[in-house]
Amino acid sequence: MSSISTPVAGAHEPHGDAAHGHHDPNLQHHFATKEQQFDTSKIGIWLFLATEILMFGGLFVGFAYMQSRFPEAFFEGHKHLLKVAGTLNTVVLLVSSFTMVLAVHYARTSRRKKLIICLAITMFCALIFLGVKYIEYTHEFSEGLYPGRYFSNPDDPTGHEFIFFSFYFMMTGLHGIHILAGLCVMAWLLRRAIRGDFTSNYYTPVDVVGLYWHLVDIIWIYLFPLLYLIR
Amino acid sequence: MADVISAPFHAGTTPVERRNYLTEPKGLWSWLTTVDHKRIGIMYLISVMAFFLVGGIFALLIRLSLFDPSHVILGHKMLDAETYNKVFTMHGVIMVFLFIIPSIPAALGNFVLPMMLGAKDVAFPRLNLASFYIYWAGAALAMVAIVTGGVDTGWTFYTPYSTSTDTSVAWMAMGIFIAGFSSIFTGLNFIATIHKLRAPGMGWFDMPLFCWGMYATALMQVLATPVLAITLLLMTIERLFRIGIFDASLGGDPVLFQHFFWFYSHPAVYIMIVPGMAIVSEIIPVFSRKTIFGYRMIAFSSIGIALIGFLVWGHHMFVAGQSQTAVVVFSFLTFLVAIPSAIKVWNWLATMYHGSITLETPMLYAISFILLFTIGGLTGVFLGALSIDVHLTDTYFVVAHFHYVMMGGTVMGFLGGLHYWWPKITGRMYHERLGQIAAALVFIGFNATFFPQFIMGGQGMPRRYYNYLPQFQPMHAFSTVGSWIIGAGLFLTLGYLLASLRKPYDAPDNPWGGKTMEWQTQSPPLTENFEVQPVATHGPYDYFPVGTH
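Residues numbered from 1 in each chain as written. Chains lettered and ligands numbered in written order. Predicted model: local features only at pLDDT ≥ 70, side-chain atom pairs only at ≥ 80, totals over all residues.

**Comments concerning the overall build of chain B**
Line of reasoning, step 1. Looking only at helices and strands, chain B has 15 helices and two strands in total.
Line of reasoning, step 2. Burial analysis of chain B (549 residues in total) assigns 57% to the buried set. (Helix = DSSP H or I, 4+ residues; strand = E, 2+ residues; numbered from the N terminus. Buried ≥ 20, exposed ≤ 12 C-beta atoms within 10 Å, placed from the backbone.)

**Some thoughts on the overall build of chain A**
Line of reasoning, step 1. Of regular secondary structure, chain A possesses seven helices and zero strands.
Line of reasoning, step 2. Starting at the N terminus and walking to the C terminus, you meet the elements of chain A as α-α-α-α-α-α-α.
Line of reasoning, step 3. A compact globule built from 231 residues should have a C-alpha radius of gyration of about 17 Å, whereas chain A, at 24 Å, is more than 25% larger.
Line of reasoning, step 4. If one aligns the C-alpha atoms of chain A with their principal axes, the spans along those axes are about 85 × 45 × 25 Å.
Line of reasoning, step 5. Per-residue burial for chain A yields a buried fraction of 34% across its 231 residues.
Line of reasoning, step 6. Looking at chain A alone, contacts between residues at least 24 apart form 77% of all its contacts between residues at least 6 apart. (Rg over C-alpha atoms; globule rule 2.2 N^0.38 Å. Contact = placed C-beta atoms within 7 Å.)

**Points about the packing of helix α8 (residues 254-288) of chain B against helix α9 (residues 295-308) of chain B**
All names here are of chain B.
Line of reasoning, step 1. With their axes 11 Å apart at the nearest point, α8 and α9 run at an angle of 175° to one another. In terms of axis orientation, α8 runs roughly antiparallel to α9. Contacts between α8 and α9 involve Y270, V274 and S281 on the former and, on the latter, I298, S302, I305 and A306.
Line of reasoning, step 2. Looking at side-chain class alone, the contact of α8 with α9 contains five nonpolar, two polar and no charged residues. (Axes fitted to C-alpha atoms, helices over the stretch in contact; angles between N-to-C directions. Parallel < 35°, antiparallel > 145°, perpendicular 65-115°, else oblique. Nonpolar A, V, L, I, M, F, W, Y, C, P; charged D, E, K, R; others polar.)

**Let's talk about the interface of chain A and chain B**
Line of reasoning, step 1. Listed as interface residues are 37 residues of chain A and, on the opposing side, 45 residues of chain B.
Line of reasoning, step 2. Breaking the side of chain A that touches chain B down by element, the ones donating at least two residues are α2 (34-69) and α6 (161-195) of chain A.
Line of reasoning, step 3. Here the element with the most residues in the side of chain A that touches chain B is α2 of chain A; it accounts for 16 residues.
Line of reasoning, step 4. Class assignment of the residues belonging to the side of chain A that touches chain B gives a composition of 18 nonpolar, 17 polar and two charged.

**Some points on the environment of E24 of chain B**
Residue and element names in this part refer to chain B.
Line of reasoning, step 1. Topologically, E24 is positioned in the segment before α1 (28-32).
Line of reasoning, step 2. E24 sits in the exposed class, given 11 other C-beta atoms within 10 Å.
Line of reasoning, step 3. Residues E24 and V227, 203 residues apart in the sequence, show an inter-C-alpha distance of 41 Å.

**A short note on the nonpolar core**
Line of reasoning, step 1. Formed by 221 residues in total, the largest nonpolar core has its most connected members in L117, I191, C211 and Y215 of chain B.
Line of reasoning, step 2. Top contributing element to this core by residue count: helix α3 (residues 81-116) of chain B, with 22 residues.
Line of reasoning, step 3. For I191 of chain B, the residues in contact, after removing those within four places along its chain, are I43 and L47 of chain A together with Y215, A218, L219 and V222 of chain B. (Core = buried A, V, L, I, M, F, W, Y, C linked by C-beta atoms within 7 Å.)

**Some words on the packing of α3 of chain B against helix α13 (residues 396-426) of chain B**
Residues and elements named next belong to chain B.
Line of reasoning, step 1. Closest axis-to-axis distance for the α3/α13 pair is 11 Å, and the angle between their directions is 25°. One way to sum up the angle between α3 and α13 is to call them roughly parallel. Seen along the crossing, α3 lies across α13 with a hand that is left-handed. Note on element contacts: α13 touches α3 through M406, T410, G413, F414, G417, L418, W421 and I425, opposite I100, S103, I104, L108, F111 and V112. (Left-handed = near helix turned anticlockwise from the far one by under 90°.)

**Here's the deal with unusual backbone geometry**
Line of reasoning, step 1. Omega for the peptide link from E24 of chain B to P25 of chain B comes to 0°, which places this bond in the cis form.
Line of reasoning, step 2. Looking at the element boundaries, P25 of chain B is found in the segment before α1.
Line of reasoning, step 3. The backbone of S110 of chain A shows a phi angle near 60°, a positive value even though the residue is not glycine.
Line of reasoning, step 4. With respect to the helices, strands and loops of the structure, S110 of chain A is situated in the loop between α4 (83-108) and α5 (112-142).
Line of reasoning, step 5. One non-glycine residue with positive phi stands out, namely H354 of chain B, at about 65°.
Line of reasoning, step 6. Examined against the element boundaries, H354 of chain B turns out to sit in the loop between α10 (324-352) and α11 (361-384).

**Considerations on helix α6 (residues 169-196) of chain B**
Line of reasoning, step 1. Between its first and last C-alpha atoms α6 of chain B spans 41 Å; for 28 residues at 1.5 Å apiece the expected length is 40 Å, and the two agree.
Line of reasoning, step 2. Of all 28 residues that make up α6 of chain B, 25 are buried, and the element is covered over most of its length. (Expected span 1.5 Å × (residues − 1).)

**Re α11 of chain B**
Line of reasoning, step 1. Across its 24 residues, α11 of chain B extends 34 Å between first and last C-alpha, which sits within 8% of the 34 Å expected from 1.5 Å per residue.
Line of reasoning, step 2. By the criterion of burial, α11 of chain B is predominantly enclosed, with 17 of the 24 residues buried.

**Quick look at the confidence of the model for chain A**
Line of reasoning, step 1. Taken as a whole, chain A shows an average pLDDT of 90; of its residues, 90% reach a score of 70 or greater.
Line of reasoning, step 2. When the criterion is pLDDT under 50, residues 1-21 of chain A qualifies, and its contacts beyond four places in sequence or with other chains add up to 25 contacts. (pLDDT = per-residue confidence, 0-100.)

**Focus: the environment of A142 of chain B**
Residues and elements named next belong to chain B.
Line of reasoning, step 1. Mapped onto the fold, A142 is located in helix α4 (residues 125-147).
Line of reasoning, step 2. A residue is classified by how many C-beta atoms lie within 10 Å of it, and A142, with 25 of them, is buried.
Line of reasoning, step 3. Expressed as a C-alpha distance, the spacing of A142 and M90, which sit 52 residues apart in the sequence, is 9.2 Å.
Line of reasoning, step 4. Excluding anything up to four places from it in sequence, A142 contacts V93, L98, M172 and G175.

**Here's the deal with the confidence of the model for chain B**
All names here are of chain B.
Line of reasoning, step 1. For chain B, mean pLDDT is 93; residues scoring 70 or higher make up 96% of the total.
Line of reasoning, step 2. Helix α14 (residues 432-458) holds the highest mean pLDDT among the elements of chain B, 98, whereas strand β2 (residues 76-77) holds the lowest, 91.
Line of reasoning, step 3. Below a pLDDT of 50 lies the segment residues 1-12, which in the model reaches 17 contacts outside its immediate sequence neighbourhood of four places, other chains included.
Line of reasoning, step 4. Here the prediction assigns the complex a pTM of 0.93, and the interface score ipTM is 0.91.

Below, the structure written as structure tokens:
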């Protein structure tokens, strides 16, 4: 009844790739088919995105709780933020999400040149985002609005404005680190795209990084109204 | 085929040296850079055992010092109060984060899960290796915390003390933060592996129950650990920058920290116990020579624990100032989560009923698990009852309950699994009689150590206290002697396991007569696990005699 016959000692056949009958360099040895490998990667990235949502979730819950404790402080605090810069960054990230979708599409349809262009535009948007964020932070620091114990605003009518800025720096900072990480991964994608690694036969990394990038954008879509548009 | 029912082990029948994953490729570098799940499992195994030793030495120190309220033993002053706080904290932190959580999934699970599924490897082999090094990066930071003054907050890092004490909290928190990612990556890997790499013919309900347990564990690792990450990050930043989230003097709320912490750490205790249950579900049918009773109920109860386990965190804060409504709801949910655990226990007993039971070491540990976990689980129900909890909060009763579940449960499961798979992992049989003696010592020592703590707790002995009333001295002394018996059993285990490694390969491929796929390949296995892709044609616990169906 047992289906697996265990070979007796010494009766081994040579193991090599030839024995498995595939030579596709993009197919790892422990997968039977490309489809299986692709689906596995998709499960992996969705689970990873779930962990990201839960990690940011802690910050969102903390924000909601502290805002309900100190609504005036949060309202007064948000007035210091540069709404125009925030809006600009929102637009920039939305554009980058669109070009990322196109990049995945062009990878899937083996159009190498367009893939490279779209990845480059996405990376450019990420750089603009970080540049604008730098200007914003500089503006806030120049007003003495540092995180935590270094915060100073003598005009703070509530005494708890610093908590709003704690969350502002934590949330945008963690999000900025994710943008930076995305930028690094996209640089790696760009290098491989230029090398011609991605075709309709194999484009998993582009697909997976695309999903990551959309999540980073979606988090910003929530952060923007939460922090900049309290009223 | 029918002879696996007796499956006698004849020493010396298969001593032929065979190709296997241990010996090829050779060299330290080939181990450090391996992506083979079996080698990574072994590297994890050695690491968690090392931390088990360190955490265990801290435990022995605590017990020795508590032998007498004067903390003077044979004329020597043992721990002073500050050192005592640090020692019990580091015992907790090391045991929870560096030993128990990775012990079964990352060490044993890594080794056997792909083989049980008939797979060549886990879904993401490089991520698996990365998880190992991330674990060590976290462990290294924890070591830095220990040598730069230690931590004295308890393993729960409650604010505001953790944000104001001048011990190395930030290093330790960052160590755990990083080690958490290794746990996430292991869980993520296991979920993808179970979804996509089952052998042809193996449906979800044809998997060994160990895989169901690993799946439930992995869900919790993936969904709960990120919350711990952000909690420890916020706590550390509160400490460094005073951002005002957890510190009441700045406008923050320490109870918010407790909510965040237990939102992870209650699922975390299920991350620790469900793998133990998963191993017991393998051992019981094999050593009872009987098909598992209630396969689907055991499988679903693992998932049930994982899901309900996310909704009970508030029972850690019954006396911390929650609303009355929240307290009642959490108490109800706590009763609810006991049900799937009880389902498992009854199914194991029903499996053993009328089986032809043999009492090799793995089975002794599995039976220890059932006995001790039942006590640990039921006392958990006591603590979930509001009026009783108010009396028992922060007493030794909680300490005893926790250790009956974590050591009486998870560690017994781990030791059972270690003995069960030792022939497969190393290709050697351990000394069976010594194994049984050690299992008996651990069982007796464990109860001697922790049962008195239930009584002391009921009488009001507060946990974590350095001083205690003279009336508790006899029970503390009894408990300390028990810890020596556990230590003797565990050192004996270490001794005969290491001694078995000096022998040539002498383990048969299937010494216990197991039906799951890891027993259908050679011991120790090939790097590729199987000669040919196995196909599942029968269930994992088919112990019917040939010809009956």
